[in-house]
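Commentary on secondary and tertiary structure
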Amino acid sequence: MAGYKQDLKRRKSENNKRYYQKRKQLELQDPKLAEADKERKKRNQRDKRARDRSKAKEDSPWPMVQDLTDGAPTSEKGIVVQLHHTDSSEALPKANVVRWPNGQTTALPTVIRNGRNTCEGDAKYVRHLASLPLSMPGSHYVEHIHPMGMKDADIVQRVEATLRSGRCAVVRGAMQPGPEKVTAEYLVECGIPPWLRTTHHDMEQRAMGKAHPCIESTVDRLLSGADDPNELRCALDIPLLTCALPRTFQLLDHAFVCAWAQTPCIFPETRVHPDLLLYRRWANIYQGGALSLPRHTSNGFAASFSVVGGMNFFVIYRLKNRFLNRDLTTDQFLALCEIDYDRPQLPDGIQAEVVDLRPGDILFMPPGQFYARYAGLLTYEEVNTFLRYDTMHLTEWSLYLDSFHGTTYSAQKRELEGIFATLRRMAVALPYIPLKTYLRPTVALALMILDPGPYKFNPQRFASETPPPFNKQEDADAAFGGRFESKDCVDGAIEIARSLLLHLKLEIEGATSVIDDSAWDAVGDPLQLETAWGNSNTIKSGDGL
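Our subject in this report is the structure included herewith. Residue positions are counted from 1 within each chain, in the order its sequence is given. Per-residue local features are limited, in this predicted model, to residues with pLDDT of at least 70; the limit for side-chain atom pairs, both in listing and counting, is 80 or more; totals at the level of whole chains, interfaces and linings are taken over all residues. Only heavy atoms go into the side-chain values, all of them from the structure, while hydrogens and water stay out.

Next up on the list: the sheet that holds strand β11 (residues 233–239). The nine strands lie next to each other as β7-β8-β17-β14-β19-β12-β11-β9-β10, forming an open sheet whose pairing is mixed. With partners counted over all chains shown, the strands left at the sheet margins are β7 (142–145) and β10 (214–218), one partner each. Ignoring strand direction, the axes of neighbouring strands in this sheet form an average angle of 25°. Strand pairing is defined by DSSP finding a minimum of two bridges between the two strands. Per the convention used, a helix needs a DSSP run of H or I reaching at least four residues, while a strand needs a run of E reaching at least two, with both numbered from the N terminus. Strand direction decides the pairing type here: strand β14 (residues 302–309) and strand β19 (residues 379–386), joined by seven bridges, are antiparallel. Within β19, the position partnered with Ala303 by the bridge is Thr385. It only takes one pair of heavy atoms within 4.5 Å for two residues to be counted as in contact. Whenever a helix is involved, its axis is fitted only over the stretch in contact; in every case the axis is a line through C-alpha atoms, and angles between N-to-C directions fall within 0 to 180 degrees. Each of β7, β8 (168–171), β17 (362–365) and β19 is contacted by helix α5 (residues 152–164), which is oriented at about 175° to β7, the strand it contacts most.

What follows concerns the pattern of salt bridges. Close approach of charged atoms lets side chains of opposite charge pair. The term salt bridge refers to a pairing of a side-chain nitrogen on Lys or Arg with a carboxyl oxygen on Asp or Glu at a separation within 4 Å. Evaluation of the coordinates by the stated rule reveals 17 salt bridges. Arg206 is the salt-bridge partner of Asp122, the closest N and O atoms lying 2.7 Å from each other. With Asp122 in helix α4 (residues 120–130) and Arg206 in helix α7 (residues 203–207), the pair connects residues that are 84 residues apart, well separated along the chain. For the pair shown, Asp122 and Arg206 are each scored as buried. For the salt bridge of Arg233 with Asp202, the shortest nitrogen-to-oxygen distance reads 3.3 Å. Highlighted residues: Arg233 in strand β11 and Asp202 in strand β9 (residues 197–202), separated in sequence by 31 residues. The residues Arg233 and Asp202 share a single accessibility class, namely buried. Three or more residues are tied together by salt bridges with common partners; here these are Glu160, Arg164, Arg388 and Asp390. Any residue under 20% of the maximum accessible area for its type is buried, any over 50% is exposed, and the rest in between are partly exposed; the area is computed with a 1.4 Å probe on protein chains only.

Paired rings are identified among Phe, Tyr and Trp, the last through its six-membered ring, by centres lying within 6.5 Å, and are further divided according to the angle between planes into stacked (under 30 degrees), edge-to-face (over 60) and tilted (the rest). What the rule picks out here adds up to ten aromatic pairs. Ring centres 6.2 Å apart and planes at 15° place the aromatic pair Trp397 and Tyr400 in the stacked group. With a gap of three residues between them, Trp397 and Tyr400 both fall in helix α12 (residues 392–409), about one helical turn apart. Residue class for Trp397 comes out buried when judged on its relative accessible area of 4%. Of the residues examined, Tyr400 reaches a relative accessible area of 17% and is grouped as buried. Connected via pairs of aromatic rings, a cluster forms that spans Trp100, Phe313 and Tyr374.

If you want it as structure tokens, here you go:
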């Protein structure tokens with residue numbers, strides 16, 4: 001019997017050897033076969049990591065949370081993350097905790113007043129978010145990228161392709177994680193002094209129904225309040241000193257690399273717009289248990305979110321039907337953003353899943369992406385915004401949403417003249433860059449240049465709201481353009497936009513149909529624009545890169 005087994009083992013070994021030798025010969029004869037084999041191995045590795053992660057979720061607590069919650073109380077559901085509004089000497093009652101789809105258990109938003117949780121509405125909403133499925137590799141919503149063994153260029157290409165298709169991408173372990181506990185000393189190293197005045201969003205005041213639940217205070221006060229059982233706040237949009245994406249991903253930002261880096265030599269008399277320095281990168285600080293209700297990546301920008309310390313759960317929303325017209329689409333997202341705490345499920349026509357973002361991870365979102373966010377611990381997060389030529393159709397969509405429902409979708413009323421200054425620069429730089437372009441993004445850029453009015457915030461559209469006290473918009477725009485743009489730059493961008501539509505044999509109405517009559521995330525066919533600039537007097541295609 002033993003001899004039979006050895007003989008069988010030998011024959012199998014010889015068969016395997018012959019198979020791999022033949023496979024090697026075929027790969028040498030056909031490079032495509034070798035490339036397909038590499039892709040198969042990568043896919044198998046990704047699937048194995050996903051299975052290992054699922055097994056880890058079932059067998060043990062989340063490793064990152066185990067580190068952050070050393071000595072935390074436990075329940076029958078595993079580790080319980082301690083938030084600032086709980087008594088650390090006792091285990092939390094089951095009614096005050098929620099289990100997320102990755103197996104993590106966190107405390108619910110809680111601020112007790114007169115024996116009642118004033119944030120019960122937020123607690124209900126967090127329970128609803130925690131009931132949604134976890135995003136896993138192979139998701140239709142989110143591309144999961146594990147950079148181990150991958151070149152930086154390959155990672156960037158996958159992120160580019162994902163954003164172009166209107167989907168999100170999460171890159172695991174892309175950055176060096178920060179400290180286990182966010183401190184004032186660490187924030188100083190990040191360029192955020194403790195005395196910096198910021199606007200704090202107060203969860204209790206929001207739960208009480210206040211239209212503007214904001215308090216002006218300092219970063220130090222926010223950190224010290226993390227242990228106050230009567231306080232639950234977050235500070236958003238804290239400007240950081242630099243405006244670049246992490247080094248690996250810097251070339252994703254066409255607004256910086258192409259528009260503002262290329263055009264100063266064409267229009268040297270104009271200065272860099274301050275929005276490029278002040279509103280492109282910022283920090284968010286959340287006390288544990290802070291909930292950000294659904295909103296979208298606004299102002300036309302794509303965005304990246306990186307958790308430096310703490311933990312965040314992002315809920316990514318998507319339409320079930322990609323081909324809905326704009327009126328029906330905006331109605332569905334209005335139903336999502338007009339919060340009903342007692343609603344047991346998502347609005348009809350919308351799907352969602354949860355992305356657990358850990359220290360060192362980066363989540364990329366295209367323009368106009370709707371999401372909600374919940375911080376399970378005191379969390380420090382950095383956000384970068386950027387523009388790309390191949391996502392201009394999504395930028396147009398985002399600005400359209402801002403224009404008609406901006407205060408509901410993003411709670412912002414920021415004037416967008418600086419963004420349109422960047423879009424005009426991107427148009428002027430287009431003949432100089434060797435980037436691949438697509439039909440719908442290119443047409444969207446041309447439309448925003450030729451007719452920016454429909455995309456700018458108009459306070460008169462919001463009849464229930466009081467318009468801003470400063471109403472001399474035309475004079476303000478003139479002063480704005482005089483300082484940061486020249487007539488030559490504006491005229492050059494308009495000429496480029498007209499040349500694009502002429503090359504594509506489109507009128508304004510036809511260009512609008514290209515945008516409206518397709519799925520909102522479709523990019524269309526690739527374009528060859530080398531001959532589009534032949535009639536341009538200001539830009540000559542022979543001078544390009």
